[in-house]
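If you want the building blocks of each chain, they are given just below.
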Amino acid sequence: QVQLVESGGGLVQPGGSLRLSCAASGSIFSIDAMGWYRQAPGKQRELVAGITSGGSTNYADSVKGRFTISRDNAKNTVYLQMNNLKPEDTAVYYCNADITAPPTWSRANYWGKGTLVTVSS
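Residues numbered from 1 in each chain as written. Predicted model: local features only at pLDDT ≥ 70, side-chain atom pairs only at ≥ 80, totals over all residues. Heavy atoms only, no water.

## Here's the deal with the side chain of aspartate 89
Moving on, step 1. Among the structural elements, aspartate 89 can be located in the loop between β8 (77–82) and β9 (91–101).
Moving on, step 2. There is a polar contact of 2.9 Å between the side chain of aspartate 89 and the side chain of arginine 38. (Helix = DSSP H or I, 4+ residues; strand = E, 2+ residues; numbered from the N terminus. Polar contact = N/O pair within 3.5 Å; in protein donor to acceptor, adjacent residues only side chain to side chain.)

## Some thoughts on the pattern of salt bridges
Moving on, step 1. Counted according to the given criterion, the structure contains 5 salt bridges.
Moving on, step 2. Between arginine 38 and glutamate 46 there is a salt bridge; the shortest N-O distance is 2.7 Å.
Moving on, step 3. For glutamate 46, a relative accessible area of 34% puts it in the partly exposed group.
Moving on, step 4. Residue arginine 38 is joined to aspartate 89 by a salt bridge in which the shortest nitrogen-to-oxygen separation is 2.9 Å. Here aspartate 89 lies in the loop between β8 and β9 and arginine 38 lies in strand β4 (residues 30–39), a separation of 51 residues in the sequence. Residue arginine 38 shares its accessibility class with aspartate 89, and that shared class is buried. (Salt bridge = Lys/Arg side-chain N within 4 Å of Asp/Glu carboxyl O. Buried < 20%, exposed > 50% of the residue type's maximum accessible area, 1.4 Å probe, protein only.)

## A look at the pairing of strand β5 (residues 46–51)
Moving on, step 1. Both β4 and β5 contribute to a ladder of 5 bridges, which runs antiparallel. Bridge pairing in β5 places tryptophan 36 opposite alanine 49.
Moving on, step 2. In this structure, the hairpin formed by β4 and β5 is closed by a connection of 6 residues, where glycine 42 is found at a positive phi of approximately 75°.
Moving on, step 3. The hairpin turn running from β5 into strand β6 (residues 57–59), its antiparallel successor, is 5 residues long, and glycine 55 in that turn takes a positive phi close to 100°. (Pairing = 2+ DSSP bridges.)

Here it is, written out as structure tokens:
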């Protein structure tokens, strides 16, 4: 069973930093694109940042220059370094990945259960 498990959320003051991690576990053949999404109360889930297997990245305009996505392919892990956090960054952050695994051996999309980030003084 493939699982994505996020960690690193919590309460931080405006201007502070957090680093989120998401580890994929289980019988995994390969991982293609990975990304972070977030959902604030009363809002739709939105893409925060994405990274391809080759390391190409893309970001939402609202986080450009403040957030950095990276991955460690050997550890099947994706990270989100969040700096200069703002109250509007408060949300549940979800990890997402395209993973090829048995028994189907076809690529499927997986979600983590989310980690809460609260930015408040």
